[in-house]
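The residues making up each chain are set out below.
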Amino acid sequence: MIPAIAIALLQLVLFVFLSPLLIGVMRQVRARLEGRAGSGIWQPWRDVRKLVAKDPVRASDSSWMLAAGPVTLLVSSLLLCVLLPLVGTLPLPLVPSDLFVIVSIMLIGVVALALVGLDAGTAFGGMGSSRHMTVAALVEPTLLLAVYALSIPAGTSTLSLIVETRLQNPAVIISPVSLLAMVALAIAIMAETSRLPIDNPSTHLELTMLHEAMVLEASGRDLAWLELGSWLKLAALLGLLGNLILPWGVLTDFSLPGVLVGLGAVTAKILLLGVALSVGEVFLAKVRLFRVPELLAGSFALALLAVTASYLVA
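On a predicted model such as this, the values are computed, not experimentally measured, just so you know. (Residues numbered from 1 in each chain as written. Predicted model: local features only at pLDDT ≥ 70, side-chain atom pairs only at ≥ 80, totals over all residues. Heavy atoms only, no water.)

Engineer: Mind laying out the confidence of the model for the chain, listing which residues take part and the relevant values?
Structural biologist: Looking at the chain, the pLDDT average stands at 93 and 98% of residues meet or exceed 70. Averaged pLDDT values for the elements of the chain fall to 87 in helix α8 (residues 211–214) and rise to 97 in helix α9 (residues 220–245). (pLDDT = per-residue confidence, 0-100. Helix = DSSP H or I, 4+ residues; strand = E, 2+ residues; numbered from the N terminus.)

Structure (structure tokens):
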């Protein structure tokens, strides 16, 4: 139990420091590819530090949700960093890294962010929240089915055991079922974290924005918690995707060398996936809003196909 708690705390500390660095690296890579100098990889850290030092400005008729929502999103993202098998697969005894537990925690953050957008009472906030919940309703089934397809060979829906199974049996990684599930999961993660081609996080064009529309009324510490919570979710989901694609380096037995290898491996995987995502976003255009359900329906079909093929193989 003590090693599992130690790994969970290590993951928490690592991702609090790593997630702003990930965003800085992604922004810098995209800036360089677009011919701009960029603001440097440490700019997100400077932004968070500046925002935390400022008091938020809230509308006089806003409710307690405008203050509680950002904290709720941050806490749900921190729980993801604790429960997901990122550095190691040692499960916490009381709170398992079960697929349905993880998706439920993610949904808490999704709803909290949508309520923040609605609470301000602005047209942009309501529009962004409506679009956000529509995308979430289409993404959650894909997440469940994609990981469920990977859980069938492992015989469990616990993510840590799924990663261990893929580590012990590398042939599962390159199977058609795994490839279909990985593609569906990657699309779902891009939609869940409001990345291209679903949403463009660098735009404030009111006709296209989803995430930015919900945080327009947030400021000061509220905005810092919203941004940090979103960054933590992106880093945690990329870490999960990296460990499912390449499970090597994940700690299975507690030891100091294993901890160091696990920390370095998950950091390298997340940064590499972040760079790949940034490169892809340079060459991708945001799809029209009414085409987003078609794209997510395609990812759901891939996940459903993966589940069907997994049962046939089993």
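More follows now that the structure is in view.
Engineer: So what's going on with empty space enclosed by the protein? Which residues, and what values?
Structural biologist: Within the structure shown, the criterion is met by four cavities of 30 Å³ or more. In this structure, the largest cavity spans a volume of roughly 100 Å³. Together, 16 residues line the largest cavity, and Val82, Leu83, Leu84, Leu90 and Pro91 are the ones closest to its centre. The greatest single-element share of the lining of the largest cavity, amounting to four residues, is contributed by helix α1 (residues 2–33). (1 Å grid on protein atoms, 1.4 Å probe; cavity = no way out; pocket = protein on both sides within 12 Å on 5 of 7 lines; lining within 4 Å. Points joined across faces, edges and corners; volume = space filled by probe spheres on them.)

Engineer: Go over the pattern of salt bridges, please, and point to the residues and values.
Structural biologist: Applying the stated criterion to the full structure yields eight salt bridges. Of the charged contacts, one joins Arg221 and Asp55 as a salt bridge, the two residues approaching to 3.0 Å between their closest N and O atoms. With Arg221 in helix α9 and Asp55 in the loop between α2 (43–52) and α3 (65–83), this pair connects stretches of sequence that are 166 residues apart. Of the residues examined, Asp55 reaches a relative accessible area of 57% and is grouped as exposed. For Arg195, the salt bridge identified is with Glu281, shortest N-O distance 3.0 Å. On the criterion of sequence distance, the pair formed by Arg195 in the loop between α7 (176–192) and α8 and Glu281 in helix α10 (residues 256–282) is long-range, its members being 86 residues apart. For the pair formed by Arg195 and Glu281, the shared burial category is buried. (Salt bridge = Lys/Arg side-chain N within 4 Å of Asp/Glu carboxyl O. Buried < 20%, exposed > 50% of the residue type's maximum accessible area, 1.4 Å probe, protein only.)

Engineer: How would you summarise the environment of Leu210 if you had to cite specific residues and measurements?
Structural biologist: Take Leu210: it is sitting in the loop between α7 and α8. It is 7.4 Å that separates the C-alpha atoms of Leu210 and Ser194, two residues lying 16 residues apart in sequence. Among all residues touching Leu210, those that are not within four sequence positions of it are Gly128, Arg131, His132, Val135, Ile198 and Asp199. (Contact = heavy atoms within 4.5 Å.)

Engineer: How would you sum up helix α5 (residues 123–154)? Please name residues and give values.
Structural biologist: An α-helical turn contains 3.6 residues, so any two residues separated by three or four positions project in the same direction. Between the first and last C-alpha of α5 there are 47 Å, a value that for 32 residues agrees with the 46 Å anticipated at 1.5 Å per step. Once α5 finishes, Gly155 follows within two positions and takes phi at roughly 75°, a positive value. (Expected span 1.5 Å × (residues − 1).)

Engineer: Help me get a handle on the layout of surface pockets, residues and values and all.
Structural biologist: Of the pockets and cavities examined, the largest pocket occupies roughly 830 Å³. In terms of lining residues, the largest pocket is bounded by 38 residues, among which Arg27, Pro201, Glu212, Glu227 and Trp231 are the most central. Of all the secondary-structure elements, those providing two or more residues to the lining of the largest pocket are α1, α2, α4 (99–119), α8, α9 and α10. Grouping the amino acids of the lining of the largest pocket by side-chain chemistry returns 14 nonpolar, twelve polar and twelve charged. Counted as a void, the second largest pocket has a volume near 200 Å³. (Nonpolar A, V, L, I, M, F, W, Y, C, P; charged D, E, K, R; others polar.)

Engineer: Now, about the packing of α5 against α7: what can you tell me, with residues and values included?
Structural biologist: Look at α5 against α7: their axes get within 9 Å of each other, and the N-to-C directions meet at 150°. In this view, α5 runs roughly antiparallel relative to α7, as classed from their interaxial angle. Here α5 runs over α7; the crossing is left-handed. Across the interface between the two elements, Val135, Val139, Glu140, Thr142, Leu143, Ala146, Val147, Ala149 and Leu150 of α5 pack against Val177, Ser178, Ala181, Met182, Ala184, Leu185, Ala188, Ala191 and Glu192 of α7. Of the residues in the contact of α5 with α7, the class split is 14 nonpolar, two polar and two charged. (Axes fitted to C-alpha atoms, helices over the stretch in contact; angles between N-to-C directions. Parallel < 35°, antiparallel > 145°, perpendicular 65-115°, else oblique. Left-handed = near helix turned anticlockwise from the far one by under 90°.)

Engineer: I'd like to hear about a nonpolar patch on the surface, residue by residue, with values.
Structural biologist: Among the surface-exposed residues, Leu107, Val111, Leu115, Leu118 and Met133 lie close enough to one another that they form a single nonpolar patch of about 370 Å² accessible area. No other element matches α4, which puts four residues into the nonpolar patch. For Val111, a relative accessible area of 34% corresponds to the partly exposed category. (Patch = residues over 30% accessible without salt bridge, like charges linked within 9 Å, V, L, I, M, F, W, Y side chains within 5 Å. Areas by Shrake-Rupley, 256 points an atom, 1.4 Å probe, with all protein chains shown as cover.)

Engineer: Tell me about the packing of aromatic side chains, and name the residues and values.
Structural biologist: Aromatic ring pairs: the centre-centre distance and the angle between the two ring planes describe each pair. Considering all chains together, one arrives at two aromatic pairs under this definition. Relative to Trp45, the ring of Phe17 lies with its centre 5.5 Å away and its plane at 40°, an arrangement referred to as tilted. Remark: Trp45 occurs in helix α2 and Phe17 occurs in helix α1; sequence separation between them is 28 residues. Taking the relative accessible area as the measure of exposure, Phe17 reaches 52% and is therefore exposed. (Phe/Tyr/Trp six-rings, centres within 6.5 Å; stacked < 30°, edge-to-face > 60°.)

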